[in-house]
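# A closer look at the structure
Chain by chain, the residues:
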Amino acid sequence: MPLLILGLLKENIGSYGYELLALMEERHYKYIVNFTKGSFYYNLQQLEEKQYIKKIDQ
């Protein structure tokens, strides 16, 4: 799931978590990767903690 999130962020630079989650649901990624909203946000948080992504407050 982390690689999927990173790929989506590469395509959609500056997107919020909600937008990425909506994209995953729109593209039916649930058939590729088993995820819930909770697991999605957990993985997003882990990527931020490991400094693979950076949260920017606007």
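Our subject is the structure listed above.
Since the structure is predicted, the reported quantities are computational estimates derived from the model, not experimental observations.

Analysis parameters
- Residues numbered from 1 in each chain as written.
- Predicted model: local features only at pLDDT ≥ 70, side-chain atom pairs only at ≥ 80, totals over all residues.
- Heavy atoms only, no water.
- Helix = DSSP H or I, 4+ residues; strand = E, 2+ residues; numbered from the N terminus.
- Expected span 1.5 Å × (residues − 1).
- Buried < 20%, exposed > 50% of the residue type's maximum accessible area, 1.4 Å probe, protein only.
- Arc of directions from axis to C-beta.
- Contact = heavy atoms within 4.5 Å.
- Axes fitted to C-alpha atoms, helices over the stretch in contact; angles between N-to-C directions.
- Parallel < 35°, antiparallel > 145°, perpendicular 65-115°, else oblique.
- Nonpolar A, V, L, I, M, F, W, Y, C, P; charged D, E, K, R; others polar.

Let us look at helix α3 (residues 37–49). For α3, which comprises 13 residues, the first-to-last C-alpha distance of 18 Å matches the rise-based estimate of 18 Å (1.5 Å per residue) to within 8%. All of the buried residues along α3 are F40, N43, L44, Q46 and L47. When α3 is viewed along its axis, its buried side chains cluster within an angular range of 160° and face the same direction. Projecting away from the buried face of α3 at angles above 90 degrees are the exposed residues K37 and E49. Looking at the packing, one finds that the buried side of α3 touches α1 (2–11) and α2 (17–26). Two residues or fewer after α3 comes Q51, characterised by a positive phi angle close to 65°.

Turning next to the packing of α1 against α2. Look at α1 against α2: their axes get within 11 Å of each other, and the N-to-C directions meet at 105°. On the basis of the axis angle, α1 is roughly perpendicular to α2. For the pair formed by α1 and α2, the contact residues are L4, L8 and L9 on the first element and L20, L23 and M24 on the second. Among the residues forming the contact of α1 with α2, the class breakdown is six nonpolar, no polar and no charged.

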